Amino acid sequence: MSTIILGFGKSGISAMRLLLGKGQDVTMYDTRKDIEVPDDISKAKSKYDIKVYAGEDIDVSAHDLAVISPGVDPETEIVRKLKDAGAEIISELELAYRYAKGKFIAITGTNGKTTTTTLAGEIFKNAGFDVRICGNIGRPVSESLENSNEDTYFVTEVSSFQLEAISKFKPFISIILNITEDHLDRHKTMENYIAAKCRVFENQDERDSLIYNADDEGVAKCAHGSQALKYAISLKNPQKNGAYLKDGKLILAIDGRTQVLCDAKDVNLFGEHNIQNILAASLAALLAGASIDSIGNTVKKFKAVEHRLEYVDTACGVKYINDSKGTNVDASTIAIKALPGGIHLIAGGYDKGADFSEFARGFDGKVKALYLFGATKERFEKEVKHAGFEGRISVCNTLRECVEKASSSAASGDIVLLSPASASWDMYKSFEERGDEFKELVVELKERVKI
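What you are looking at is a predicted structure, and each value in this text was computed from that prediction instead of being measured. (Residues numbered from 1 in each chain as written. Predicted model: local features only at pLDDT ≥ 70, side-chain atom pairs only at ≥ 80, totals over all residues. Heavy atoms only, no water.)

### Brief notes about the packing of aromatic side chains
Which entries qualify depends on this criterion: Any two of the Phe, Tyr and Trp rings considered here, Trp counted by its six-membered ring, make a pair once their centres fall within 6.5 Å; the pair's planes then place it as stacked at under 30 degrees, edge-to-face at over 60, or tilted in between. Every helix listed is a DSSP run of H or I at least four residues long, and every strand listed is a run of E at least two residues long, numbered separately from the N terminus. Throughout this description, buried means an accessible area under 20% of the type-specific maximum (1.4 Å probe, protein chains only), exposed means over 50%, and partly exposed covers the range between. We call a charge positioned over a ring when the NZ of a Lys or the CZ of an Arg lies within 6 Å of the ring centre and within 35 degrees of the ring normal.
Overall, the coordinates contain 13 aromatic pairs when judged by the stated rule. Measuring from ring centre to ring centre gives 5.5 Å for F104 and F169, while their planes differ by 85°; the resulting arrangement is edge-to-face. Taken together, the positions of F104 in strand β6 (residues 103-108) and F169 in the loop between α6 (160-163) and β9 (173-176) put the pair 65 residues apart, joining distant regions of the chain. Each member of the pair, F104 as well as F169, is classed as buried. Aromatic ring contacts, followed pair by pair, group F356, F359, F363, F380 and F389 into a single cluster. One Lys or Arg, K103, reaches over the ring of F172 and ends 4.6 Å from the middle of that ring.

### A short note on the sheet that holds strand β20 (residues 415-418)
This is how the line gets drawn: For two strands to pair, DSSP has to find at least two bridges joining them. To get an axis, a line is fitted to the C-alpha atoms, and for a helix only the part in contact is used. The angle between two axes follows their N-to-C directions and goes from 0 to 180 degrees.
With mixed pairing, six strands are arranged side by side in an open sheet as β15-β16-β20-β17-β18-β19. Across the chains shown, the open sheet's two edge strands, defined by having one partner strand only, are β15 (310-315) and β19 (392-395). Averaged over all adjacent pairs, the angle separating strand axes in this sheet is 20°, with direction ignored. Relative to β19, strand β18 (residues 367-372) is paired through four bridges, and the arrangement is parallel. Counted as the bridge partner of A369 is R392 from β19.

### Examining the pairing of strand β11 (residues 229-234)
The condition is simple: Whether a crossover is right-handed depends on one test, that the path from the first strand over the helix to the second runs clockwise when the strands point away from the viewer.
Direction of pairing for strand β10 (residues 209-213) relative to β11: parallel, over a ladder of five bridges. The partner of L210 across the bridge, within β11, is K230. Tracing the backbone out of β10, into helix α9 (residues 217-223) and back to the parallel element β11 gives a crossover that is right-handed. Pairing of β11 with strand β12 (residues 242-246), which is carried by three bridges, proceeds in the parallel orientation. Residue pairing for β12: I233 is matched across the bridge by A243.

### Focus: empty space enclosed by the protein
So the rule is basically this: For each structure, a 1 Å grid was placed over the protein atoms alone; sets of points admitting a 1.4 Å probe that cannot get out are labelled cavities, open sets with protein on both sides within 12 Å along at least five of seven lines are labelled pockets, and lining residues have an atom within 4 Å of a point. Grid points are joined across faces, edges and corners, and a volume is the space filled by probe spheres set on the points.
A full pass over the atoms with the stated rule returns four cavities of 30 Å³ or more. In this structure, the second largest cavity is lined by G112, T115, L269, F270, H273, N274, N277, A304, V305, R308 and L309. The greatest single-element share of the lining of the second largest cavity, amounting to three residues, is contributed by helix α10 (residues 272-288).

### Quick look at the side chain of S209
Cut-off, in case you're wondering: In what follows, residue pairs with any heavy atoms lying within 4.5 Å of each other are defined as contacts.
Looking at the secondary structure, you find S209 in strand β10. Contact partners of S209, with chain neighbours within four places excluded, come to F172, I173, S174, Q204, A228, L229, Y231 and L287.

### Focus: the pattern of salt bridges
For the record, the criterion: Salt bridge, as applied in this entry: a Lys or Arg side-chain nitrogen positioned within 4 Å of an Asp or Glu carboxyl oxygen.
Scanning all chains against the criterion turns up 27 salt bridges. Residue R98 pairs with E88 through a salt bridge whose shortest N-O separation is 2.6 Å. Separated by ten residues along the polypeptide, R98 in helix α4 (residues 92-99) and E88 in strand β5 (residues 88-91) bring together distant segments of the chain. Residues K405 and E401 are paired through a salt bridge, measuring 3.2 Å at the closest nitrogen-oxygen approach. Linking K405 with E401, this pair stays in helix α15 (residues 399-409), spanning four residues, or about one helical turn. Residues joined by salt bridges that share partners form a network here, namely K170, D205, R207 and D208.

### A word on the sheet that holds strand β14 (residues 257-263)
Taken together, the nine strands give an open sheet; going across it, the order is β7-β8-β6-β9-β10-β11-β12-β13-β14, and neighbouring strands pair in mixed fashion. Of all strands in the sheet, those with a lone pairing partner are β7 (130-135) and β14, marking the two edges. Each strand of the sheet is rotated relative to its neighbour by a mean of 20°, with strand direction disregarded. Judged from the five bridges that link them, β6 and strand β8 (residues 152-157) form a sheet pairing that is parallel. Bridged to I105 within β8 is V155.

### Section: the state of the cysteines
Test applied: The disulfide definition used here is simple: a pair of cysteine sulfur atoms within 2.5 Å.
A complete count under the given rule lists one disulfide for this structure. Paired by a disulfide, C198 and C222 hold their sulfur atoms 1.6 Å apart. Residue C198 is located in helix α8 (residues 190-198), and its partner C222 is located in helix α9; the two are separated by 24 residues in the primary sequence. Here C198 and C222 have matching classes, each one buried.

### With respect to the packing of helix α1 (residues 10-21) against α4
Rules: For classification purposes, an angle smaller than 35 degrees is called roughly parallel, one larger than 145 roughly antiparallel, one from 65 to 115 roughly perpendicular, and anything else oblique. Two helices crossing with the near one rotated counterclockwise from the far one by less than a right angle form a left-handed crossing, whereas a clockwise rotation gives a right-handed crossing.
Running from N to C, α1 and α4 point in directions that differ by 30°, and their axes come no closer than 10 Å. Judged on the interaxial angle alone, α4 and α1 are roughly parallel. Every pair of crossing elements has a handedness; the one defined by α1 and α4 is left-handed. Every residue of α4 that contacts α1 at S11, A15, L18 and L19 is listed here: E92, L95, A96 and Y99.

Laid out in structure tokens, this is it:
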């Protein structure tokens, strides 16, 4: 079999290593003509008989299989040519699944995936399981297969881009946290986006489990079509099979048997959305055989993941919070909802076509001032004003300028929140890079004021 891998990023390189290790013939291809070939690929080329192309018009007829990286749109010309030539198109997630021996816990949703995946991984690890935390969280699944076996659990964050190109992927437990508008620049319609997310359970049967957010109408409707055993999470209603919040306590229930996980006041994460994330991760661990005590102990010690409502520092009585992972309006709305008022919001970035006027209507009087930067800044300003936002708006050229203006304006007791409601690709390689810069700027600020 001859395989072509599309994309020179992490997942493409990991897929290359996996296939070369299995003795497969591999061709590497990237659609960008000006891209620098990564050292990992150059080294592989010197050792193995692989072909490497960047933006060239090539004959694809010899390839039986194409592995596409998440950043490669399935509608690009090279993918269409491969389909026309009869090649099977799969994602790196699907490829890794075909070689994996263990069980998959697949976690998807528009927001909360990384927090839930990280927490679930910690719970599984502390409960004594052989666990790999992987997927869209930063470590490709292909990179996580080494030394795994039938008893290994792959706690996997999966994105709609990865799920677009699966065929056999069948998790032991799937989790759908929420579905709100995002990535419409890629999926074109909400119907397409929802359909991609719901593929997470399409191969599951009655031996598998689906954990879903019953408070999200779209998710509940989506989950109805699953053949798996269904477990609902809710902050509104008790569940016979699922997890819920009642009288300030987090409760897990299987076949009507309830167990108290912990008190909500013992949780170290901001916001109700994180209660949902905790319930989902904890229920998955309970279904896999972890004890309620072990789960509860991990939950009570767990801190926010980096770049998601991450407390950075306090200077002159002003708290600085890094929510760079707020890459869409729903994620940033959740961040604002999780915090008290007095927010100086730093936002803007790559334009994914979001509705910022609707976002502004959700400020609920909590946002005092807005500092905008990035590609969306002008449209952001226009739509926020149209929505009736009466606070101060500063349009800036850089994140540094935003931080400086916000720190000058914020009073003791206020919060400076970086939650862009936009992707980072206009100015940064990733939301992590954006969040790291914000934290560095706060450190500089703290040094200057010496408080």
